[in-house]
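Residue-level structural notes
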Amino acid sequence: MGISVEFNPDLALRDISEFKAGRRKIEECIPVPLEINKIYDFLKEGQRCYYFGEELPLLETKGMGNLSKPKASIIILEATHFKENGKIYTKGKYEVIKIIPEGEIYFNGINKI
């Protein structure tokens, strides 16, 4: 038996419509409006590890690995693992560094250009 941990080179959150429909918590979704220099909370199911050293892409996910192009460049400020109702979660805080206009290339993979 091993320890199930996922390493994420980005932060992938849901569209805010998922919160408005009552299917997700607000921390699981990309805030609207998304503002530069603002700090937001995030919540992900599972034990996840994020890179703290550099900027990472903020993506929108529809689940099952269906990811958008980067919506913003962020820095993860903190991440904590916890257990609730028998499930493991990762919660934390991120700061928005740059909003990435559609079509602009700001990352090459996870590397900032």
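Scroll up to find the structure this text is about.
In this text the structure is predicted, and so the values were computed from the model without any measurement.

A count of helical and extended segments in the protein chain gives one helix and nine strands. From first element to last, N terminus to C terminus, the protein chain shows the α and β order β-β-α-β-β-β-β-β-β-β. For the C-alpha atoms alone, the extent of the protein chain along its principal axes is close to 40 × 35 × 25 Å. By residue count, 35% of the 113 residues in the protein chain fall in the buried class. Counted over contacts in the protein chain with a minimum sequence separation of 6, partners at least 24 positions apart contribute 59%. Positive and negative charge centroids in the protein chain, built from 17 and 17 side chains respectively, lie 4 Å apart.

Under the definition given, this model contains nine salt bridges. In this structure, the salt-bridge partner of arginine 48 is glutamate 6, at a minimum N-O distance of 3.2 Å. Within this pair, whereas arginine 48 is found in strand β4 (residues 48-50), its partner glutamate 6 is found in strand β1 (residues 6-8), the two being separated by 42 residues in sequence. Judged by relative accessible area, which is 15%, arginine 48 ranks as buried. Residues glutamate 28 and arginine 24 are paired through a salt bridge, measuring 3.3 Å at the closest nitrogen-oxygen approach. Exposure remark for glutamate 28: the relative accessible area of 14% places this residue in the buried category.

Leu11, Leu34, Leu58, Ile74, Ile76 and Tyr94 are the most contacted members of the largest nonpolar core, which has 14 residues in total. Secondary structure elements with two or more residues in this core: β2 (11-13), β3 (39-45), β5 (56-60), β6 (72-84) and β7 (87-99). Each residue touching leucine 58, except ones within four places of it in the same chain, is listed here: Leu11, Leu13, Ile30, Leu34, Lys69, Pro70, Lys71, Ala72, Ile74 and Tyr94.

Turning next to the environment of tyrosine 40. By the secondary structure assignment, tyrosine 40 is in strand β3. For the pair tyrosine 40 and aspartate 10, spaced 30 residues apart in the sequence, the C-alpha separation amounts to 15 Å. Sequence-distant contacts of tyrosine 40, that is, excluding residues within four places in its chain, are made with Pro31, Pro33, Leu34, Glu35, Gly92, Lys93, Tyr94 and Val96. A polar atom in the side chain of tyrosine 40 sits 3.4 Å from the backbone oxygen of proline 33.

Conventions and cut-offs
- Numbers given to residues run from 1 along each chain, matching the order in which its sequence is written.
- Only residues with pLDDT of at least 70 get local features here, since the model is predicted, and only at 80 or more are side-chain atom pairs given and counted; chain-wide, interface and lining totals rely on the full set of residues.
- The side-chain numbers reported here are obtained from all heavy atoms of the structure, hydrogens and water having been left aside.
- The secondary structure listing takes helices from DSSP runs of H or I that are at least 4 residues long and strands from runs of E that are at least 2 residues long, numbered from the N terminus.
- With a 1.4 Å probe rolled over the protein chains alone, any residue whose accessible area is under 20% of its type maximum counts as buried; one over 50% counts as exposed, and the rest are partly exposed.
- Throughout, a contact is declared for two residues whenever any of their heavy atoms are within 4.5 Å.
- When charges are counted, neither His nor the chain ends are considered; positive counts come from Lys and Arg and negative counts from Asp and Glu.
- To locate a charge, the coordinates of NZ of Lys, CZ of Arg, CG of Asp or CD of Glu are taken.
- Only one rule defines a salt bridge in this text: a Lys or Arg side-chain nitrogen within 4 Å of an Asp or Glu carboxyl oxygen.
- As used in this record, nonpolar core signifies buried Ala, Val, Leu, Ile, Met, Phe, Trp, Tyr and Cys residues forming a set joined through side-chain atoms within 4.5 Å.
- N or O atoms within 3.5 Å of each other form a polar contact, as long as, within protein, one can give a hydrogen and the other can take it, and as long as residues adjacent in sequence are counted only when both atoms are side-chain atoms.

By themselves, these figures tell us nothing about what the structure is for.
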